[in-house]
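Take a look at the letters that make up each chain.
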Amino acid sequence: MPQSSQDPDAVSVETEVITDDDYQQTLEQQKHLAAQDQKARAQARQILQRYDQGFTPNLIQDIRLSAFDSLTASRAIMQLLRLSLAADEYGAVGEPRLTYTRGRNVAIAQQCGHILYQLGGLRLMERVVTRLIPPFDQENLHQAWQGIGAGPAEILKATAAKKLPSTGFTNPKQ
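Residues numbered from 1 in each chain as written. Predicted model: local features only at pLDDT ≥ 70, side-chain atom pairs only at ≥ 80, totals over all residues. Heavy atoms only, no water.

Some remarks on a negative patch on the surface
The criterion, for reference: Patch members must show over 30% relative accessible area and no salt bridge, and they are joined within 9 Å when carrying like charges or within 5 Å when they are nonpolar side chains of Val, Leu, Ile, Met, Phe, Trp or Tyr. Each accessible area is a Shrake-Rupley result for a 1.4 Å probe, and residues are judged covered by the shown protein chains and nothing else. Salt bridges are defined as contacts in which a side-chain nitrogen from Lys or Arg sits within 4 Å of a carboxyl oxygen from Asp or Glu. We treat Lys and Arg as the positive residues and Asp and Glu as the negative residues; His and chain ends play no part in the count. By convention, charge coordinates are those of NZ in Lys, CZ in Arg, CG in Asp, or CD in Glu. Counting from the N terminus, the helices are the DSSP runs of H or I reaching at least four residues and the strands are the DSSP runs of E reaching at least two.
Taken together, the side chains of Glu16, Asp20, Asp21 and Asp22 define an acidic patch exposed on the protein surface. Inspection of the secondary structure puts Asp21 in helix α1 (residues 20–52).

A look at the pattern of salt bridges
Note the cut-off: Categorising residues by exposure relies on relative accessible area from a 1.4 Å probe, with only protein chains included: less than 20% of the type maximum marks a residue as buried, more than 50% marks it as exposed, and the intermediate range marks it as partly exposed.
Within this structure, the stated rule accounts for four salt bridges. We note a salt bridge from Asp52 to Arg82, for which the minimum N-O separation is 3.0 Å. Here the residue Asp52 occupies a position in helix α1, and Arg82 occupies one in helix α2 (residues 67–90), the gap between them amounting to 30 residues. Classification of Asp52 by relative accessible area gives exposed; the value is 53%.

Quick word on the side chain of Ser70
Which entries qualify depends on this criterion: By definition, residues are in contact when any of their heavy atoms lie within 4.5 Å.
As for its position among the elements, Ser70 is in helix α2. We classify Ser70 as buried; its relative accessible area is 3%. Residues contacting Ser70, with those up to four places away along its chain left out, are Asn58, Ile60 and Leu65.

Distances and angles like these do not, on their own, reveal function.
Structure representation (structure tokens):
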């Protein structure tokens, strides 16, 4: 028996019609993001190759940290980049990128996030995500880092805490 529009169990389906111009613009944006991601992955491979040859680059030179703290942060970033590139080898095309929230990677990503938070707070974490992590992995890293920086008292307020607009990280100071 066909469902009528009056039937409370009827499923409502909404469709969005876009113009060819809108479709082309969306397609161009996706191509641009894919190109940025590809460029970031090539940069990550170069960084890790140099690191594997014994050179630890200072990846966050523009942040006011001591040389030791900069190298500590750089090592944490390299672990994140290594996870990202490893996901490339094992992930299937079209598979969701769960680079930092899958298996043991969660603990590694959170440990790196805690290190970065201790060294430079949410500002450093955001800088790492936007400047060094490949775009297709950024949202997943945001998910893995949820709650970092929140102390025991602030965790109780987590449901009321606001998110920082550009990062998705919980701001424990609100």
